[in-house]
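Descriptive structure summary
Here is what each chain is made of, one letter per residue.
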Amino acid sequence: YKTLFSSISHEFRIPVATIMGASETLLNSSHPINIQSALFSEIFSASLRLNRLIENLLNMSRLESGMLSVRLDWCDINDVFNKVAEDLKDDLKPFKLSVFIPENMPLVKIDFGLIEQVLYNLLFNSTQYAPVASEINLTSAHENNELIMVVADKGPGFPESELKNVFSKFFRINGRKTGGLGLGLSIVKGFVEAHNGKITVENNKDGGSKFTIKIPSENPEINNLFLENE
């Protein structure tokens, strides 16, 4: 409890201090437009960080309380990928995001919001550790009645001895920069398993990490789609 409380207090204090400092500066004196713009940008970035922390705490609470409800519907994976890329456009600017979706990719039956959060957490994680200007890959496929999604980057990867702990709550690798509560990957695993799916992680041979998600999703038939919508 002490470790958790200390971690939460530390992570919340940073964005709150940024918001308070920038706001106070704006309120107490006048500044040129470019300075005001920079301060507003600081406030916005800190607010996003604070929101991510709160969202992760709420999501973990939903998972552990058993209150998570999965609302499955037929979705176009293009829409999911585009939404996540748009939400993370500022974080992804320093990188080259490479997206591959097969032309014959069928609709998939998923909870759009939960899978969006899964991909958001994985991609955001890559932006925190991959080298600037490196490539981040987001791919999908549909094989053997399974939706397959892969997120890979050119970051430092994980120590082989720690791969088994990657999805544990509050997991962090010693010596790496902070920037969260260590809940993101645990939530990812919970959301994927709520779909009766599975997520695995491995280190790429040429560097970086690769997360592979497999979720059961039968190939939709037009007649079934019409019946479900009636």
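In the block above lies the structure referred to throughout.
Below you will find a few notes about this structure. (Residues numbered from 1 in each chain as written. Predicted model: local features only at pLDDT ≥ 70, side-chain atom pairs only at ≥ 80, totals over all residues. Heavy atoms only, no water.)

**Examining the sheet that holds strand β6 (residues 198–203)**
Two orientations exist for strands paired in a sheet by backbone hydrogen bonds: parallel and antiparallel. Within the open sheet, the five strands sit side by side as β2-β4-β5-β7-β6. Their pairing is mixed. Edge strands, defined here as strands with exactly one partner in the open sheet, are β2 (96–100) and β6. The average undirected angle you get between the axes of adjacent strands in this sheet is 15°. One ladder, built from seven bridges, connects strand β5 (residues 146–152) with strand β7 (residues 209–216); its direction is antiparallel. Of the residues in β7, the one forming a bridge with A152 is K210. Sitting on the sheet, helix α5 (residues 112–129) is in contact with β2, β4 (135–143), β5, β6 and β7, with an inclination near 20° to β5. (Pairing = 2+ DSSP bridges. Helix = DSSP H or I, 4+ residues; strand = E, 2+ residues; numbered from the N terminus. Axes fitted to C-alpha atoms, helices over the stretch in contact; angles between N-to-C directions. Contact = heavy atoms within 4.5 Å.)

**Describing the packing of aromatic side chains**
Applying the stated criterion across every chain yields a total of three aromatic pairs. When the ring of Y120 is compared with that of F124, the centres are 6.4 Å apart and the planes differ by 15°; the resulting orientation is stacked. Here Y120 pairs with F124, and both are found in helix α5, just four residues apart, close to one helical turn. For Y120, a relative accessible area of 15% corresponds to the buried category. Plain terms: the ring middles of F167 and F211 are 6.1 Å apart, the flat faces sit at 75° to each other, and that makes the pair edge-to-face. Highlighted residues: F167 in the loop between β5 and α6 (184–194) and F211 in strand β7, separated in sequence by 44 residues. (Phe/Tyr/Trp six-rings, centres within 6.5 Å; stacked < 30°, edge-to-face > 60°. Buried < 20%, exposed > 50% of the residue type's maximum accessible area, 1.4 Å probe, protein only.)

**Observations concerning the pattern of salt bridges**
Evaluation of the coordinates by the stated rule reveals eight salt bridges. Notably, a salt bridge pairs E86 with K89, separated by 3.2 Å at the nearest N-O pair. Relative accessible area serves as the criterion here: at 44%, K89 is assigned to the partly exposed category. The partner of K210 in a salt bridge is E202, and the shortest N-O contact between them spans 3.8 Å. Relative accessible area serves as the criterion here: at 27%, K210 is assigned to the partly exposed category. Given the relative accessible area of 37%, E202 is considered partly exposed. Members of the salt-bridge network, linked through shared partners, are K83, D87 and E116. (Salt bridge = Lys/Arg side-chain N within 4 Å of Asp/Glu carboxyl O.)

**Thoughts on helix α2 (residues 33–65)**
Residues spaced three or four apart along an α-helix point in a common direction, a consequence of the helix completing one turn every 3.6 residues. With 33 residues, α2 should reach 48 Å at 1.5 Å per residue; the first-to-last C-alpha distance of 47 Å fits that figure. Those residues of α2 not exposed but buried are L39, I43, A46, L50, R52, L53, N56, N59 and M60. (Expected span 1.5 Å × (residues − 1).)

**Topic: the side chain of D153**
As for its position among the elements, D153 is in the loop between β5 and α6. Lacking a salt bridge, the buried D153 has K154 as its closest oppositely charged neighbour, with an N-O distance of 8.3 Å. A polar contact of 2.9 Å, which involves the side chain of D153, links it to the backbone nitrogen of G155. Beyond its immediate sequence surroundings of up to four residues, D153 is in contact with S126, A130, E135, I136, N204, G207, G208 and S209. (Lys, Arg positive; Asp, Glu negative; His and termini not counted. Polar contact = N/O pair within 3.5 Å; in protein donor to acceptor, adjacent residues only side chain to side chain.)

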